[in-house]
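Secondary and tertiary structure notes
This is what each chain is made of:
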Amino acid sequence: MPSKKKRRRQPERPMIHPRNKYSENPPDFALLASLYPSFQSFVFYTRDGRPRIDWTDFNATRELTRVLLLHDYGLQWWIPDGQLCPTVPNRSNYIHWIEDLLASDIIVRNNNSKENVRGFDIGTGANCIYPLLGASLLGWSFVGSDFTDIALEWARKNAKNNAHISQLIEIRKVESCDDNSVEELHDGELLSCESKTESSARKVTEEAVPLHLTSFDPLADANKRYQGPPVLLGVVRDGEKFDFCMCNPPFFETMEEAGLNPKTSCGGTPEEMICPGGEKAFITLIIEDSAVLNQSFRWYTSMVGRKSNLKSLISKLREVGVTIVKTTEFVQGQTCRWGLAWSFVPPARKIVSPHVAEKNIISFMLEGLQRQFSAIHVLQSIESFFRTCGASSELNASSFTVDITASNDHCKAILNNELQAIDEATSCEHVPETSNSSSSLHPHSNGLGFRISVYQQIPGTLLVKGSLQHRDNPVSGAFSLIIQRLEEDLKFKFCR
Ligand SMILES: C[S@@+](CC[C@H](N)C(=O)[O-])C[C@H]1O[C@@H](n2cnc3c(N)ncnc32)[C@H](O)[C@@H]1O
């Protein structure tokens, strides 16, 4: 009798940062219900005995957040009805990603960076979630900005109610821009908010981006600029230095668009959820402000809700001359978001000449793997690394390999960091893509096909090997840079 071949379940994409408290053990609703009577009333049991909550009930999601912050982080927390309620595992992923960026050696570390990390949370909200998590988990200090009275009042309350970290958190009011308001720029030049917006608009050329909602006029929307209160310029004070900024921006343009997910109820007022031009306009302003503030921050970061926006925002970053761009994907349940990070600090890492490693097989070691990780986590991360850039990426769990087919564009997206790092290291200017100095890095128009294999060497050490499919591929220089980029990414995530 022919043996019935069991179909292997493809492993799921990584959902959660490996250092996230919930990466191994998701929140245990039954336990929380037994410990916190206020939560118990929101928990019901399915026929097979599994505890659940009604995700469409704002009171239930808020109570879950409250008890998680209390139980797992020792934090006192509350928000008034209707304010945006954060999901704790999801927000923690962003904090851990920033922790990875700060720990990386791509850009120079501050001597005292471990002890005195200082962050800036753009739009901290009533929930003040990032300062609370960052301060309680990692001892970071924060300035959390916002412009609505309710957000400022409750963010302050949330900080104050946690005496052990309240000293680490400053909540800063952003003054709304009206026509008469005057802002002082860092060079001392006085400028009205309106003319400030215009001046930064001149610096960066707008791009057209396809819009998803047919109700908008695509021509008008593609060039929409953010018109709200200031974001960084005019809020960051003269001489202030930060290790990073972070932002969960108003993602949407309308409340209808914001309410498109009927499966959850996390609240959210119009001020929290929407702005003209949506996230693209908001993050564009962060980018423009960052070009002026430059090395006042080591890393600038933002969450991005739409992949289509990610691409155009990265183009914008190239225009303003950043030295490094990094992206990541945050997958939580059915929600997928991206993290975008950039810096103006010159890269510290040694730049490898494109001629050094024109090989078809390139390997590197992942040593000092943290205990909770295995080869499968690394494979999943490799798969997602290439998928994020749009390449086709197939994980085979039985052979411990990932097969990648990357078009010219995908390769460019992956190489983006490298090219910029090389530009910075050589001339401090952006080298055009046709320039001779970098032409050998550019993938052939046919793109690349390659396989990544992962082998366990000894416990805690993995060998990662990349093999190019076509040995005579004229762009093996690009291949070696892609593998370097992967190595860097995996080391951030898995090795400390
Ligand atoms: C999506 S909410 C994020 C709240 C919180 N950080 C979180 O992750 O749940 C966006 C927040 O940005 C605030 N906001 C909008 N424009 C702003 C600006 N120019 N400066 C500071 N905050 C702003 C809104 O009031 C809102 O609280």
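Per an unreviewed UniProt entry, the recorded name for the protein is U6 small nuclear RNA (adenine-(43)-N(6))-methyltransferase, and the organism is Juglans regia. Regarding the protein, the UniProt comment filed under Sequence similarities (unreviewed entry) reads as follows: "Belongs to the methyltransferase superfamily. METTL16/RlmF family."

Another aspect to go through is the overall build of the protein. The number of helices and strands found in the protein is 16 helices and 16 strands. When each of the 496 residues of the protein is scored for burial, the buried share is 43%. Taking the intrachain contacts of the protein between residues at least 6 apart in sequence as the baseline, contacts between residues at least 24 apart amount to 69%.

Within this numbering scheme, the UniProt entry marks Arg 91, Gly 123, Asp 146 and Asn 248 as carrying the feature "binding site: S-adenosyl-L-methionine" (unreviewed entry). Examined against the element boundaries, Arg 91 turns out to sit in helix α4 (residues 88–103). With residues near it in sequence (within four places) discarded, Arg 91 still touches Pro 86, Ile 129, Tyr 130 and Leu 133. Excluding residues that lie within four positions of it along the chain, Asn 248 makes contacts with Gly 123 and Met 303.

With that settled, consider the sheet that holds strand β13 (residues 392–396). The strands that make up a sheet pair up through hydrogen bonds in the backbone, lying either parallel or antiparallel. Sheet architecture is open: 5 strands sit in the order β12-β16-β15-β14-β13, paired in antiparallel fashion. Where the open sheet ends on each side, the last strands, each with one partner, are β12 (361–366) and β13. Along the sheet, successive strands turn relative to each other by an average axial angle of 20 degrees, direction set aside. Helix α13 (residues 375–388) contacts β12, β13, β14 (401–406), β15 (448–458) and β16 (461–468) of the sheet and is inclined by roughly 165 degrees relative to β13.

Once that is clear, we can look at the site of the ligand. Around the ligand, the surrounding shell holds 22 residues, and the nearest of these are Gly 123, Gly 125, Pro 229, Asn 248 and Glu 272. Elements with a contribution of two residues or more to the shell around the ligand: α5 (129–138), β4 (141–146) and α10 (270–273). In terms of residue class, the shell around the ligand is built from 11 nonpolar, 8 polar and 3 charged.

Calculation notes
Residues numbered from 1 in each chain as written. Predicted model: local features only at pLDDT ≥ 70, side-chain atom pairs only at ≥ 80, totals over all residues. UniProt positions renumbered as here; feature names shortened; annotations may be inferred. Helix = DSSP H or I, 4+ residues; strand = E, 2+ residues; numbered from the N terminus. Buried ≥ 20, exposed ≤ 12 C-beta atoms within 10 Å, placed from the backbone. Contact = placed C-beta atoms within 7 Å. Pairing = 2+ DSSP bridges. Axes fitted to C-alpha atoms, helices over the stretch in contact; angles between N-to-C directions. Near = placed C-beta within 6 Å. Nonpolar A, V, L, I, M, F, W, Y, C, P; charged D, E, K, R; others polar.

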